[in-house]
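Remarks on the overall topology
Listed below are the residues making up each chain.
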Amino acid sequence: MLYGGKLGQKDIRVHAISSDPFATRAASGFDGLTTKAPSRALVRRLVTIEEVGAACVFLASDYAVAMTGKALYVGGRYHILDQVNANLDRESLT
């Protein structure tokens, strides 16, 4: 992460959080996203907003003071980009 290096010199930590989909009205607008994701995630369930929030609290706490410029993945490893890459791989095989 570009800003992690620049802002780290000023004692400012920079992170990104990428979560699995969780049940929201916005996610329900994507065809099958909240119904298919649990079966494809390693933990076999949707991540909760509280779990994503806990990760944010951790990154803002003194427990993560030595971390900066990282992307933290929260959930059972089902990401939209994984699905896009899987679709591209299937298309390249045909």
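These figures come from a predicted structure and were not determined experimentally. (Residues numbered from 1 in each chain as written. Predicted model: local features only at pLDDT ≥ 70, side-chain atom pairs only at ≥ 80, totals over all residues. Heavy atoms only, no water.)

Helix and strand content of the chain: 5 helices and 2 strands. In sequence order, the secondary structure elements of the chain are arranged as α-β-α-α-α-β-α. For the chain, the proportion of contacts with a sequence separation of at least 24, taken over those separated by at least 6, is 68%. Accessible surface, the chain as shown: approximately 6900 Å² in total, 59% of it carbon and sulfur. (Helix = DSSP H or I, 4+ residues; strand = E, 2+ residues; numbered from the N terminus. Contact = heavy atoms within 4.5 Å. Areas by Shrake-Rupley, 256 points an atom, 1.4 Å probe, with all protein chains shown as cover.)

Further remarks concern helix α4 (residues 49-60). For α4, spanning 12 residues, the distance from its first C-alpha to its last is 17 Å, which sits close to the expected 16 Å at 1.5 Å a residue. In the core, the buried residues of α4 are packed alongside β1 (15-19) and β2 (70-74). (Expected span 1.5 Å × (residues − 1).)

Looking now at helix α3 (residues 33-40). If you check which residues of α3 are buried, you get Leu33, Ala37 and Pro38. Each buried residue of α3 sits inside an arc of 125° when the element is viewed along its axis, so together they form one side. (Buried < 20%, exposed > 50% of the residue type's maximum accessible area, 1.4 Å probe, protein only. Arc of directions from axis to C-beta.)

The next subject is the pattern of salt bridges. Using the criterion set out here, one finds 1 salt bridge in the structure. Here Arg45 ties to Glu51 by a salt bridge, and the two come within 2.8 Å at their closest N and O atoms. The exposure class assigned to Arg45 is partly exposed, which follows from its relative accessible area of 38%. Taking the relative accessible area as the measure of exposure, Glu51 reaches 30% and is therefore partly exposed. (Salt bridge = Lys/Arg side-chain N within 4 Å of Asp/Glu carboxyl O.)

Moving on, we get to the side chain of Ser61. Tracing the backbone through its elements, the reader meets Ser61 in the loop between α4 and β2. A distance of 2.7 Å separates the side chain of Ser61 from the backbone oxygen of Phe58, its partner in a polar contact. (Polar contact = N/O pair within 3.5 Å; in protein donor to acceptor, adjacent residues only side chain to side chain.)

Here the focus is the environment of Pro21. Along the chain, the position of Pro21 falls in the loop between β1 and α2 (25-28). Note on Pro21: relative accessible area 12%, which makes it buried.

Further remarks concern the environment of Ala41. By the element assignment, Ala41 lies in the loop between α3 and α4. When its relative accessible area of 1% is taken as the criterion, Ala41 is described as buried.

Residue-level pLDDT values for the chain average 75, and 76% of them are 70 or greater. The element-level mean pLDDT for the chain is lowest in helix α5 (residues 80-93), coming to 52, with α4 highest at 92. (pLDDT = per-residue confidence, 0-100.)

Position of Asp11 relative to the elements: it lies in the loop between α1 (2-8) and β1. Judged by relative accessible area, Asp11 falls into the exposed class, the value being 74%. Between the C-alpha atoms of Asp11 and Thr68, which are 57 residues apart in sequence, the distance is 9.7 Å.

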